Amino acid sequence: MAQTTVEIAPSKPRALPLTWLGVVPFMIFALMFLILPAGYLIIGAFQTPDGSFTLQNIANLNQPTIIKAYRLSIAISAASAFGGALLGFLLAYAVVLGNLPRWIRPTMMTFSGVASNFAGVPLAFAFLATLGRSGLVTALITSIFGINIYRYGFNLLSFAGLTITYLYFQIPLMILIMTPAIDGLKREWREASAILGASTWQYWRMIAFPILWPSLLGSFLLLFANAFGAIATAYALTGSSLNIITILLFAQIRGDVLHDPHLGYALALGMILITGLSNGAYIWLRSRSERWVR
Amino acid sequence: MRARIGPWIAIIVGMIYFLVPLIATFEFSLRMKRGEYSFEAYRIVLGDPNFQASFTYSALIAVAAIIFGVLLVVPTAYVVQLKLPRLRPLVEFITLLPLVIPAIVLVFGYLRMYNSSSWIPLTNSVRGTDFLLTCAYVTLALPYMYRAVDTGLRAIDVRTLTEAAQSLGSSWPRILFQVILPNVRVAVLSGAFLTFAIVIGEFTMASLLNRPAFGPYLQLIGANRAYEPAALAIIAFIITWACMGLIQLFGGGRQNAARR
């Protein structure tokens, strides 16, 4: 009996190669395709063309075109994140707590999964066909109300137009993130507060909102970063005419429009900082909110 | 409790916002022939050799990225789960990085690091650039693929399965590919379809790496044609829907089974 069990032992030393095989390729991949490329740009942002240290590239970001591009990008991202967070929250709330027919929730969740991934170039096409100059909704408004929205200053290729378009993937993303959080609001909390005489308003202000706010703020930041890094929709809608930061960087990579490759690195550094901060805050807030949402 | 009016208003307004662009796009895509509705735009798009070539190319790169991604992520998630839980925060942080660094910034870095005058001149050859694009897509999909596989591994008893296979004399490759992988195949499949949905119409990376992928093709048609883009948007929407539907189909049955 003892002699047969000895055979298990030799498999032990072979554990080491597997551990290496599992972790080393992943780390090499992460270095080659995530950390080093980003590091290259970050270091390049602080270098002169001959390789010595400088802050001039960062200072050179202070040009009207670049400042305007950052501003417009931040404005569109913030507006679409705020709108997406608000409307997505209302829809998630309606789906979870609205006592609607049962089929609505799974339909909504499936659709949100699709729509949050329906971004990029095709989304631009869809909105051109809807709210473009010869779009269906534009034509309907003209024929029903006799108002041509384009004559009143609306333009799909603008801040407002891009924000409305971005909402198409921002709202569903918010629904996907917030539904589990709203699910986590326990019925007992509501009942307990009602027994203690709280009104609906008091319940929301003193119980539900304090529990949900990390999720809400965190989702807003995630949506913000999501819109900030987006380019394909805007590019397909407007070509290179809209001056947002991703399109400026795209043009810079294509043809060095800023006439200074190191200024391009500084541009990229600015983007990493902005998306990094908002994503970092999202991850921190999510870990806070997970204490309640189980 | 009764259903109040507020939730209904929210749902109806939401439905209008989400459905109207789809209806408008579909209606627009049918208007190619003057005075009648027809599928002319679809016929032209589907018959376009460039459509077929770019779609096939993107589908191939997507499949390559899925295979590469699975081979990269499954052993890592497995080892982290079983042997090196200390590494979990680091690995999770790395898998979140593609959400932090915008795609356009990543590809900018690739173009600087792997250009013709660098140590690894991947962009010198067509095959090299294809490989670079595949790796770029593995990176883009990394957060989703890792999350999916990790969730799958947590749902099964990795340790017992491994020890059982070990005591029956399995080699490590065999444990990974014939014991662990089949047990997380639902998770792997949902990661795979999500990867496909993300990658198939991707524009920025393919365009900057100058590869004839579906995303740049879409953009080109959008800049030059009127009705075909609407037809393409509907086709893209159906592809995305199919990917999500397949995830639900494979994942849904399992979730229900687990709940019971």
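What counts, and at which threshold
- Residues numbered from 1 in each chain as written.
- Chains lettered and ligands numbered in written order.
- Predicted model: local features only at pLDDT ≥ 70, side-chain atom pairs only at ≥ 80, totals over all residues.
- Heavy atoms only, no water.
- UniProt positions renumbered as here; feature names shortened; annotations may be inferred.
- Axes fitted to C-alpha atoms, helices over the stretch in contact; angles between N-to-C directions.
- Helix = DSSP H or I, 4+ residues; strand = E, 2+ residues; numbered from the N terminus.
- Parallel < 35°, antiparallel > 145°, perpendicular 65-115°, else oblique.
- Left-handed = near helix turned anticlockwise from the far one by under 90°.
- Contact = heavy atoms within 4.5 Å.
- Nonpolar A, V, L, I, M, F, W, Y, C, P; charged D, E, K, R; others polar.
- Domains from an automatic or database assignment.
- Buried area = accessible area lost by both parts, 1.4 Å probe.

Going by the annotation in an unreviewed UniProt entry, the name recorded for chain B is ABC transporter permease, with Kaistia terrae given as the source organism. Quoted straight from UniProt, the Sequence similarities (unreviewed entry) entry for chain B says "Belongs to the binding-protein-dependent transport system permease family."

Looking at an unreviewed UniProt entry, chain A carries the name ABC transporter permease, with the source organism given as Kaistia terrae. Checking UniProt for chain A, the heading Sequence similarities (unreviewed entry) contains the comment "Belongs to the binding-protein-dependent transport system permease family. CysTW subfamily."

Residue and element names in this part refer to chain B. Following both chains from N to C, one finds helix α4 (residues 88-100) and helix α6 (residues 126-155) inclined at 140°, their axes separated by 6 Å at the closest point. The angle between the axes of α4 and α6 places the two elements in the oblique class. Between α4 and α6 lies a crossing whose hand is left-handed. Contacts from Arg88, Val91, Glu92, Ile94, Thr95, Leu96, Pro98 and Leu99 in α4 reach Thr139, Leu142, Pro143, Tyr144, Tyr146, Arg147, Asp150 and Arg154 in α6. Partitioning the contact of α4 with α6 into residue classes produces 9 nonpolar, 2 polar and 5 charged.

Residue and element names in this part refer to chain A. The domains assigned to chain A are domain 1 (1-44) and domain 2 (62-289). Look at where the C-alpha atoms of domain 1 and domain 2 centre, and you get two points 39 Å apart. The interface is formed by 5 residues belonging to domain 1 together with 5 residues belonging to domain 2. Summing the contributions of domain 1 and of domain 2, the shared interface buries around 450 Å²; its carbon and sulfur component is 78%. Three residues stand out in domain 1 for area buried against domain 2, namely Leu41, Ile42 and Gly44, and they jointly supply 84% of the buried area on that side.

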